[in-house]
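Chain residues, written in single-letter form:
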Amino acid sequence: MNLEMLREATRAQMPDKRWKHTLGVVETAIKLAKRYGGDSAKSELAALLHDYSKAWAIDRMEAVIRENRLPPELLVHDKELWHAHVGAWAVRTEHGIEDVEVLDAIRYHTSGREGMTQLDKIVCLADYIEPGRDFPGVDRLRELAKQSLEKALVAAFDSTIEVLIQRGKRIFPQTVIARNDLIAQLK
Ligand code: DGI
Ligand code: FE
Ligand code: FE
Ligand code: FE
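We now turn to the structure provided with this report. (Residues numbered from 1 in each chain as written. Chains lettered and ligands numbered in written order. Predicted model: local features only at pLDDT ≥ 70, side-chain atom pairs only at ≥ 80, totals over all residues. Heavy atoms only, no water.)

**Thoughts on the packing of helix 4 (residues 58-67) against helix 5 (residues 82-95)**
Relative to each other, helix 4 and helix 5 sit at 70 degrees, their axes nearing to 10 Å. Taken together, helix 4 and helix 5 sit at an angle that is classed as roughly perpendicular. Counting all contacts with helix 4, which are made through Ile58, Arg60, Met61, Glu62, Val64 and Ile65, the residues of helix 5 involved are Trp82, His83, Val86, Trp89 and Glu94. For the contact of helix 4 with helix 5, the class distribution of residues is seven nonpolar, one polar and three charged. (Axes fitted to C-alpha atoms, helices over the stretch in contact; angles between N-to-C directions. Helix = DSSP H or I, 4+ residues; strand = E, 2+ residues; numbered from the N terminus. Parallel < 35°, antiparallel > 145°, perpendicular 65-115°, else oblique. Contact = heavy atoms within 4.5 Å. Nonpolar A, V, L, I, M, F, W, Y, C, P; charged D, E, K, R; others polar.)

**Remarks on the site of ligand 1**
Around ligand 1 sit 18 residues, and of these Lys54, Thr110, Arg133, Phe172 and Thr175 come closest. Contacts to ligand 1 include Arg133, whose side-chain N or O atom sits 2.8 Å from an oxygen atom. Between ligand 1 and Phe172, the relevant distance is 2.7 Å, taken from an oxygen atom to a main-chain nitrogen or oxygen of the residue. In isolation ligand 1 has 580 Å² of accessible area, and contact with the protein removes 85% of it. When residues of the shell around ligand 1 are traced back to their parent elements, those giving at least two are helix 2 (16-36) and helix 9 (149-166). (Near = heavy atom within 4 Å. Polar contact = N/O pair within 3.5 Å; in protein donor to acceptor, adjacent residues only side chain to side chain. Areas by Shrake-Rupley, 256 points an atom, 1.4 Å probe, with all protein chains shown as cover.)

**Overview of the packing of aromatic side chains**
Counting across every chain of the model gives three aromatic pairs. Here Tyr128 and Phe157 contribute two aromatic rings whose centre-to-centre distance is 6.3 Å and whose plane-to-plane angle is 90 degrees, an arrangement assigned as edge-to-face. Of this pair, Tyr128 sits in helix 7 (residues 118-129) while Phe157 is found in helix 9, placing the two residues 29 residues apart along the sequence. Phe157 matches Tyr128 in its accessibility class, with the two residues each being buried. Through successive ring pairs, a cluster of aromatic residues spans Tyr128, Phe135 and Phe157. The ring centre of Trp56 lies 3.4 Å from the NZ or CZ of Arg60, which sits over that ring. (Phe/Tyr/Trp six-rings, centres within 6.5 Å; stacked < 30°, edge-to-face > 60°. Buried < 20%, exposed > 50% of the residue type's maximum accessible area, 1.4 Å probe, protein only. Lys NZ or Arg CZ within 6 Å of the ring centre and 35° of its normal.)

From the geometry alone we can't say anything about function, so treat these as descriptive.
If you want it as structure tokens, here you go:
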């Protein structure tokens with residue numbers, strides 16, 4: 001297993017648009033790692049693999065969750081949450097990725113979690129602010145990302161939670177817990 005093979009395997013899972021996003025997340029994660037003294041190699045690997053299962057069919061993701069005892073509560077929340085857990089499972093089983101820090105950064109890149117590691121934060125934030133993103137408020141997140149990983153992530157989760165509320169959708173409790181915990185870390 002080497003990075004070039006993983007690159008090709010990852011690219012093969014997704015349409016070109018998602019691959020372009022992935023490359024943006026890789027570039028941004030490496031920059032954040034350099035700025036905040038994080039592990040550049042792990043940031044690159046986790047960013048490369050973070051959306052590995054994003055384009056998988058819903059039925060395939062559901063089967064992986066059920067058959068491998070991934071958190072069953074995922075099934076009652078937005079399907080957008082599934083690819084993160086399924087992706088961590090997939091890169092471990094298909095490519096032998098065993099680094100728990102890298103697997104966790106993939107697993108929690110969408111929802112966040114209590115006690116996010118620096119690597120979790122880097123990958124999650126890079127996913128929000130990579131150069132291809134253009135949702136309302138993304139430039140403010142890019143500015144905050146220069147000041148503090150935690151401040152930027154609180155603002156990022158706030159924007160996601162606001163959108164979920166506007167659309168009348170359920171909020172995955174772990175996202176609220178992640179946000180509250182990041183605020184506590186600012187104090
Ligand atoms: O996979 P990406 O599109 O690159 O980004 P992502 O993995 O951060 O997925 C974000 C999507 O997940 C976004 O459209 C919002 C949706 N989502 C649905 N429910 C929740 C949620 N995101 C979070 N953080 N928490 C939720 O409860
Ligand atoms: Fe290998
Ligand atoms: Fe994702
Ligand atoms: Fe992504």
